[in-house]
Amino acid sequence: QECFRESCCVFLTYIIMKQLNLIDSYIGLILITALYPAFAIWNTCAFFISIPWELEEAARIDGCSRLKSFFHVIIHVAKPGLFVTALFCFMTSWDEYMYASIFINTTSKKTIQVGMQDFIGQYSVDWGLLMSAVVISLIPILIFFALVQKNLVQGLLPCSERIKHRSDVERGNLRIGFKRKNVQ
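Notes on the structure follow. In this text, all values refer to a predicted model and were calculated from it rather than measured experimentally.

1. Observations regarding the overall build of the protein chain
Part 1 of the argument: A tally of helices and strands in the protein chain yields 10 helices and 0 strands.
Part 2 of the argument: Sequence-ordered secondary structure for the protein chain, helices as α and strands as β, is α-α-α-α-α-α-α-α-α-α.
Part 3 of the argument: Restricting the contact set of the protein chain to residue pairs at least 6 apart, pairs at least 24 apart contribute 66%.
Part 4 of the argument: For the protein chain, the computed accessible surface area is about 12,900 Å², with 66% contributed by carbon and sulfur atoms.

Structure below.
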């Protein structure tokens, strides 16, 4: 059932891209990759839901405007989740094979993942070139991972823990915030 739905989406997308003259173009491939951000939205929402609203409220009490509290408190707390989502989206778009193999026909415009298919012949496989291409295709992901790895530890918290935490906040069972000392 899932495979059938995906096949219908590819077929309809191909018809639309053909009418817009975006077949065999980088713009068409970029648009296709950009139009499927469902996981990014779902994952980012899960991270933002897990942030206690008391943090924003405490920042507002401390004198921050709504915009300043969002950028200085909420984004700072959600940063690990944003980095996990960015890493996953980058990996997904970099390793995208299906749309690239359907919409790109010119050899010079092929992505590296589709180009690796050329190393596999009907009767033989050029293993040396294929493994070299695999290593080269991993380099951008490894560089991106190295840049964001310190922010990933907290972002890998299981989603169930984040959702459980948010439900505790909504029920009022959890009191997190900045406590002010009574100064006399």
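2. Thoughts on the pattern of salt bridges
Part 1 of the argument: Summed over the entire model, instances satisfying the criterion amount to 1 salt bridge.
Part 2 of the argument: As a salt-bridge pair, Lys 110 and Asp 118 come within 3.3 Å of each other at their nearest N and O atoms.
Part 3 of the argument: According to the relative accessible area criterion, Lys 110 is partly exposed, its value standing at 26%.

3. Overview of the side chain of Asp 24
Part 1 of the argument: In this structure, Asp 24 sits in the loop between α1 (2-19) and α2 (26-34).
Part 2 of the argument: At a separation of 2.9 Å, a polar atom in the side chain of Asp 24 contacts the main-chain amide nitrogen of Asn 105.
Part 3 of the argument: For Asp 24, the side chain forms a polar contact with the side chain of Thr 106, separated by 2.3 Å.
Part 4 of the argument: The contact partners of Asp 24, leaving out residues within four places of it in the chain, are Phe 103, Ile 104, Asn 105, Thr 106 and Lys 109.

4. Remarks on unusual backbone geometry
Part 1 of the argument: Although it is not a glycine, Asn 21 sits at a positive phi angle of roughly 55°.
Part 2 of the argument: What makes Asn 21 exposed here is its relative accessible area of 65%.
Part 3 of the argument: Unusually for a residue other than glycine, Asp 24 sits at a positive phi of about 60°.

5. Things to note about α2
Part 1 of the argument: Within α2 the residues assigned to the buried category are Gly 28, Leu 29 and Ile 32. The buried side chains of α2 occupy one side of the element, clustering within an arc of 100° when seen end-on. Exposed residues on α2 whose side chains face more than 90 degrees from its buried face are Ile 27, Ile 30 and Ala 34.

6. Quick notes on the packing of helix α5 (residues 66-94) against helix α8 (residues 127-148)
Part 1 of the argument: One can describe the packing of α5 onto α8 by two numbers: an axis separation of 11 Å at closest approach and a directional angle of 175°. By the angle between their directions, the pair α5 and α8 is classed as roughly antiparallel. Contact with α5, carried on its side by Phe 83, Ala 86, Leu 87, Phe 90, Met 91 and Trp 94, involves Ser 137, Pro 140, Ile 141, Phe 144, Phe 145 and Val 148 of α8 and no other residues of that element.
Part 2 of the argument: Of the residues in the contact of α5 with α8, the class split is 11 nonpolar, 1 polar and no charged.

7. What about helix α4 (residues 53-61)?
Part 1 of the argument: Within the sequence span of α4, burial applies to Glu 54, Leu 55, Ala 58 and Ala 59. End-on view of α4: buried residues confined to an arc of 140°, all on one side of the axis.
Part 2 of the argument: Following α4 by one or two positions, Gly 63 adopts a phi angle in the positive range, close to 105°.

8. Some words on the packing of aromatic side chains
Part 1 of the argument: Tallied over the full model, the rule gives 6 aromatic pairs.
Part 2 of the argument: With 6.3 Å between their ring centres and 15° between their planes, Phe 48 and Phe 70 make a pair best called stacked. Here Phe 48 is found in helix α3 (residues 38-49), whereas its partner Phe 70 is found in helix α5, with 22 residues between them in sequence.
Part 3 of the argument: We classify Phe 48 as partly exposed; its relative accessible area is 28%.
Part 4 of the argument: Three or more aromatic residues link up through ring pairs in this structure, and these residues are Tyr 14, Tyr 99 and Phe 103.

9. Comments concerning the packing of α3 against α5
Part 1 of the argument: Orientation of α3 relative to α5, taken along the N-to-C sense of each, is 145°, at an axis distance of 9 Å. With respect to the hand of their crossing, α3 and α5 are arranged in right-handed fashion. Residue-level contacts link Phe 39, Ala 40, Asn 43, Thr 44, Phe 47 and Phe 48 of α3 to Phe 70, Ile 74, Ile 75, Ala 78, Gly 81, Leu 82, Val 84, Thr 85, Phe 88 and Cys 89 of α5.
Part 2 of the argument: In the contact of α3 with α5, the residues fall into 12 nonpolar, 4 polar and no charged.

Reading guide: rules and limits
- Residues numbered from 1 in each chain as written.
- Predicted model: local features only at pLDDT ≥ 70, side-chain atom pairs only at ≥ 80, totals over all residues.
- Heavy atoms only, no water.
- Helix = DSSP H or I, 4+ residues; strand = E, 2+ residues; numbered from the N terminus.
- Contact = heavy atoms within 4.5 Å.
- Areas by Shrake-Rupley, 256 points an atom, 1.4 Å probe, with all protein chains shown as cover.
- Salt bridge = Lys/Arg side-chain N within 4 Å of Asp/Glu carboxyl O.
- Buried < 20%, exposed > 50% of the residue type's maximum accessible area, 1.4 Å probe, protein only.
- Polar contact = N/O pair within 3.5 Å; in protein donor to acceptor, adjacent residues only side chain to side chain.
- Arc of directions from axis to C-beta.
- Axes fitted to C-alpha atoms, helices over the stretch in contact; angles between N-to-C directions.
- Parallel < 35°, antiparallel > 145°, perpendicular 65-115°, else oblique.
- Nonpolar A, V, L, I, M, F, W, Y, C, P; charged D, E, K, R; others polar.
- Phe/Tyr/Trp six-rings, centres within 6.5 Å; stacked < 30°, edge-to-face > 60°.
- Left-handed = near helix turned anticlockwise from the far one by under 90°.

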